[in-house]
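# Working through the structure, step by step
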Amino acid sequence: MSDLNRFRYTMESCNHCGQCKWILPHRMSGWDFAEVCPVHHHFGFDAYSGQGLVNIVREVMEGKLERTDELADMVHTCAACGACDVNCKSVRDMEVLETIYELRHDLAQAGHLPDSCRRMAENVSAGCDPFGVPLAERFSWLPGDFRDDPDSDTVLFAGCSASRDPGPVLAAIRILQAGGVPFRLLREEERCCGGALWRSGQQETAGDLIRGNAEAFRKAGIRTVITVCGECFGAFRSIYPRFVKPGFRTVHISQVAAGLIREGKLAFRQDARPLTVTYHDPCMLGRLSEEYVPWEGEIRSYGLHVPEKHWNRGEFGVYQEPRDVLSALPGITVREMTRRVEESWCCGYWTGQADPECAAATADERMREARSTDAEAIVSCCPFCRTALSGAGDPLPVVDLAELVAGRLA
Amino acid sequence: MSLPRAVYAELESVVGSRNISEKEYILAGNRAQTPEIPFPHRSADAIVLPGSTEQVAEIVRICNRHGVRYVGTVSGGIPTAYATEENTILIHFKRMNRILEINEKDRYAVVEPGVRHVQLYPEVRKRGLSYTAAAVGPGGSVLVNIACTGGDHHNQYGSSRPTRYLLGVEMVTPEGEILRTGSLEAGAGWFCPESAGPSLRGVVKGYSGNAGHIGIVTKCAIALDRCKGPAETRSEGVSPHSRIYMDGGCSRVYVFNYSSIQDVGRAMLALGESEVGATVQKYFYLPLSLMMTASANEFWEKWGRFREAFPMPLVVHLAPHSVRELEYEEKILFDVIRETGGVRLPRDLEKWWEEHMDYFMIVSRLQSVLRLGGSWLPIKTGGESVRHLCDIGDSISGFIHDFTDTGKIFDAPQNYQIIPMEYGHFASFELLFMWDRLDPNSFRYMQEFCTVSRETDLKNHAHSMTAGGYGKAGEALGRLYCNCHLWAGRIREAFDPSFTMDA
Ligand SMILES: Cc1cc2nc3c(=O)[nH]c(=O)nc-3n(C[C@H](O)[C@H](O)[C@H](O)COP(=O)(O)OP(=O)(O)OC[C@H]3O[C@@H](n4cnc5c(N)ncnc54)[C@H](O)[C@@H]3O)c2cc1C
Ligand code: SF4
Ligand code: SF4
């Protein structure tokens, strides 16, 4: 059951300082690219921001604001990117994003959520992935002669987006094979990770998937899950521990590649075309990927949390390994954007569930920033980012890191 | 309450349908109760996002015609940025966000209200210039901070009060006229705050936010200083453990401990006589302890030790333009410290300051003072001579224990700051304390503490200002204490007799 009251302390602590909308000073670079919240940037009203949403939750909790479909649509324009959360937590002990998630949960339970989100759950119940691809067809892109290691305790988790865009997973397979990493695929046994459903507020449906997946991994003896998708990575790390004690560790293909490069197990062509790129940190691989540690307790006077609470502040996301990989690739030059690492600007994918115009504006803004670095391409590690950013007007090529690496293997 | 349809339609025709809303969930984003007050802010009836001065003027005229009140707002960081009565709209400056000019030669910048410190500061710094930004954080409005509200900033020792940095101003008067002041009035540019006739600068600034001043400021120029310290900064790490460094041989921070505030004052004055230092301040150690820790729990674990380590810290930032100058300033500094009995703190504690040069530029970390729940108040703010403020500091231990020892408020006797300005010509004071918002009586205790603080000041013939002092409690103490708010009110009444500008 949803319980907005759990986040009362957060709601009552907000003093409208606005730190959730503006870049933190250690990354500031000037007038441009100073905003961090895509929806505040697009709509302009404070309601569309961490501050505004926290205030809205409070009024819903106190019965001052009605739960409606229109409110749910508004709440789902938020990309759930977590920039507000990181910024607020740089100076406060508040759970801004968790509060927004709980509002979605609350609204979903009251029957209010955008149709696109509702369809995701319906698709899953109908034996498909959230985008409607039947489980049996999820791996139709796999080459007929592909052989994995059925005894391996490492699984390469393809993720739902592979059926739309198998390139990154095929590239990951090449990297693992080149590096001599034994692994297996789950094929039609693989189900949606549940992350998107959970983040859309459909936490009970997501919970069923999560428990099912964890059990399937346990039965199959899986100890390591390698993801290609930033969303799946973030889900396994930051959502699964809410339902199960995961008996496996999760690594992203960029981390595996960085490790293989460090160990000298990947060799690259030296004659590859020189390319200047900029790196886009996906939210669920970066600031939202810290392992969730449950906390229950009492918040006493002056903010004392008893027992002590573990805070996820986006400090320990996967930021360095993708950059290490890029700098190891011959011919690749990296130019950083202003909004990077924990202050990264979201691609806007999930905004599109409720407001495609806002999603397009968010992607356009990122593309504008990428262009300002004089990069020829934008590299990311998440298929959802690739989809969203490719939809920007006049986009730079959006390259998946795994594909870039695989394409340059000797 | 919602606005009459005709009024809404008129406003909508000015800003366009995308930039006005009266939806409850949009209004909710700007009306929730903030932790320092025990009641919710009153809801506005609509929020408009104008895009230009002309649109603001149109909005104000519409409000006048229909008797609708209006309040300007940017980040809404302080309680005067909210509606206080029914039939009020919020004019939010998100879209008026341009830096119109940075004039490197004449050293000024022209900004609209929506420009935030985190946008202007790096732009001017790149050009070898700077200004003193308030501790309000990266999202605070530069224009509001300098032209409308805000008091003193943390690093103005070698410079002056923000008010003195206000140059040409463009504003919309309560009649909806567009008024230009200073050199702008003569069409001569933005560089000067005064022109023929009486100075309008004080009238524009008023007392605090809309409590006193008489219009919506739509553009203003602020004066810029030469950079104190290297123009290039470097940052490392990931939030919340990120760091900003000012590299280069001639930027250095020193922290000294004293056993008496009078000696601190003597050091401030002696340094001022030699015009040495970019920042010199007696810092409050409660905020410092919050800035040095990453959570409330960590703060509570370390607070006792911090209290012991910083009983009376004098922080000095030297940032001259050459290494030779630094050697010279350092020599004077050490002479002064020796003569006044200061003791240098261990290097690791000084280093902490050096690793947080954010503090000397944009002061975003000071928002951590809100980490303990957010119920806080800075009191006794205002300008006086350094000596007089040291006396005020001394007087605090005479009344604070009744409140701290009984748990009515959270503070410590020496937890106040004194910031000398203009090389010690005068200084500002701030006593920052907190209260427990989980305690239903805490707001009352807070008010009692303010009253006692004010009475003590009155006895000591001090003029520092305690929040709320211009309200009932101030009046109870008698007009002799301060009558400037009454004058500010009269000026406002003369210009805005129907009080359409909310106050
Ligand atoms: C933690 C914290 C620390 C602070 N430290 C300092 C400090 O060290 N020094 C200091 O000087 N201040 C300090 N302040 C106060 C700060 O100066 C103000 O909160 C801030 O400058 C206001 O900017 P804002 O964007 O929040 O404006 P808002 O809060 O949105 O507005 C402030 C006031 O100005 C009015 N206003 C807004 N726009 C206009 C306009 N265009 N024309 C006319 N009136 C307008 C509003 O109605 C309101 O009354 C601090 C505040 C906080 C929360
Ligand atoms: S959510 Fe946090 S950062 Fe945003 S306004 Fe509230 S306190 Fe400030
Ligand atoms: S999660 Fe992202 S889009 Fe949503 S309010 Fe926070 S910063 Fe804005």
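Only a predicted model underlies this, so the values are computations on that prediction, with no experimental measurement involved.

Procedures and definitions
- Residues numbered from 1 in each chain as written.
- Chains lettered and ligands numbered in written order.
- Predicted model: local features only at pLDDT ≥ 70, side-chain atom pairs only at ≥ 80, totals over all residues.
- Heavy atoms only, no water.
- Helix = DSSP H or I, 4+ residues; strand = E, 2+ residues; numbered from the N terminus.
- Rg over C-alpha atoms; globule rule 2.2 N^0.38 Å.
- Buried < 20%, exposed > 50% of the residue type's maximum accessible area, 1.4 Å probe, protein only.
- Lys, Arg positive; Asp, Glu negative; His and termini not counted.
- Charge placed at Lys NZ, Arg CZ, Asp CG, Glu CD.
- 1 Å grid on protein atoms, 1.4 Å probe; cavity = no way out; pocket = protein on both sides within 12 Å on 5 of 7 lines; lining within 4 Å.
- Points joined across faces, edges and corners; volume = space filled by probe spheres on them.
- Nonpolar A, V, L, I, M, F, W, Y, C, P; charged D, E, K, R; others polar.
- Domains from an automatic or database assignment.
- Contact = heavy atoms within 4.5 Å.
- Buried area = accessible area lost by both parts, 1.4 Å probe.
- Salt bridge = Lys/Arg side-chain N within 4 Å of Asp/Glu carboxyl O.
- Near = heavy atom within 4 Å.
- Phe/Tyr/Trp six-rings, centres within 6.5 Å; stacked < 30°, edge-to-face > 60°.
- Lys NZ or Arg CZ within 6 Å of the ring centre and 35° of its normal.
- Polar contact = N/O pair within 3.5 Å; in protein donor to acceptor, adjacent residues only side chain to side chain.
- Areas by Shrake-Rupley, 256 points an atom, 1.4 Å probe, with all protein chains shown as cover.

Moving on: the overall build of chain A. Assigned secondary structure in chain A consists of 16 helices and 9 strands. The globule rule puts the C-alpha radius of gyration for 410 residues at 22 Å, and the 21 Å found for chain A is close to it. When the backbone C-alpha atoms are referred to their principal axes, chain A occupies close to 60 × 50 × 40 Å. Counting all 410 residues of chain A, 67% fall into the buried class. Distance from the positive charge centre (45 side chains) to the negative charge centre (58 side chains) of chain A: 4 Å.

Residue and element names in this part refer to chain B. Applying the stated criterion across every chain yields a total of 10 cavities of 30 Å³ or more. One number sums up the size of the largest cavity: a volume of about 170 Å³. If you go around the largest cavity, you meet 18 residues; those closest to its centre are Ser130, Thr132, Asn155, Lys228 and Phe360. Of all the elements in the fold, those that place two or more residues in the lining of the largest cavity are α4 (117-126) and α12 (358-361). When the residues that make up the lining of the largest cavity are grouped by side-chain class, the tally is 7 nonpolar, 8 polar and 3 charged. Here the lining of the largest cavity spans two domains, and each of domain 2 (99-226) and domain 3 (244-473) adds at least three residues to it.

Let's shift gears to the layout of surface pockets. Residues and elements named next belong to chain A. Here the second largest pocket is characterised by a volume of approximately 720 Å³. Lining the second largest pocket are 39 residues, with Phe7, Glu95, Glu98, Trp295 and Lys309 sitting closest to its centre. Secondary structure elements with two or more residues in the lining of the second largest pocket: α1 (8-13), α5 (83-89), α6 (96-109) and β5 (298-299). Here the element with the most residues in the lining of the second largest pocket is α1; it accounts for 4 residues. Residue composition of the lining of the second largest pocket, grouped by class: 16 nonpolar, 8 polar and 15 charged.

Okay, the domain arrangement of chain B next. Residue and element names in this part refer to chain B. The assigned domain composition of chain B is domain 1 (5-92), domain 2 (99-226) and domain 3 (244-473). Measuring from the centre of the C-alpha atoms in domain 2 to the corresponding centre in domain 3 gives 26 Å. Taken together, the contacts link 23 residues of domain 2 with 34 residues of domain 3. Note on domain 2 versus domain 3: buried area summed over both sides is about 2,200 Å², and carbon and sulfur give 57% of it. Where domain 2 meets domain 3, there are 1 salt bridge. Between Glu422 and Arg164 there is a salt bridge; the shortest N-O distance is 2.6 Å.

What follows concerns the site of ligand 2. As a matter of local geometry, ligand 2 sits amid Cys14, Asn15, His16, Cys17, Gly18, Gln19, Cys20, Gln51, Cys88, Arg92, Met94 and Val96 of chain A. Across the shell around ligand 2, the residue classes tally to 6 nonpolar, 5 polar and 1 charged.

What follows covers the domain arrangement of chain A. All names here are of chain A. Each domain of chain A was delimited in the assignment, giving domain 1 (1-112) and domain 2 (117-261). Its C-alpha centre places domain 1 at a distance of 29 Å from the equivalent point of domain 2. Opposite the 12 residues of domain 1 that make contact, domain 2 presents 9 residues. On the domain 1 side of the interface with domain 2, the three residues burying the most area are His76, Tyr101 and His105, jointly 49% of the side's total. Between domain 1 and domain 2 we count 1 salt bridge in total.

A few words on the packing of aromatic side chains. Tallied over the entire structure, the rule returns 40 aromatic pairs over all chains. Considering the side-chain rings of Tyr283 of chain B and Phe284 of chain B, the 5.0 Å spacing of their centres and the 75° angle between planes classify their relative orientation as edge-to-face. Judged by its relative accessible area of 0%, Tyr283 of chain B falls in the buried class. The exposure class of Phe284 of chain B is buried, given its relative accessible area of 0%. Three or more aromatic residues joined by ring pairs make a cluster, and in this case those are Tyr302 of chain A together with Tyr285, Phe299, Trp300, Trp303 and Phe410 of chain B. Arg242 of chain A extends its terminal NZ or CZ atom over the ring of Tyr292 of chain A, reaching a point 3.9 Å from the ring centre.

Attention now goes to the site of ligand 1. Residue and element names in this part refer to chain B. Close contacts around ligand 1 come from 35 residues, with Gly72, Ser75, Thr80, Asn145 and Gly151 the closest. Taking Ser141, its main chain carries an N or O atom lying 3.0 Å from an oxygen atom of ligand 1. Within the complex, 96% of the 960 Å² of free accessible area of ligand 1 lies under protein. Put simply, the parts of the chain that give the shell around ligand 1 at least two residues each are β3 (69-73), α5 (142-148) and β10 (216-223). The element best represented in the shell around ligand 1 is α5, accounting for 4 residues. Among the residues making up the shell around ligand 1, the classes are represented as 15 nonpolar, 19 polar and 1 charged. Split by domain, the shell around ligand 1 shows at least three residues from each of two domains, domain 1 (5-92) and domain 2 (99-226).

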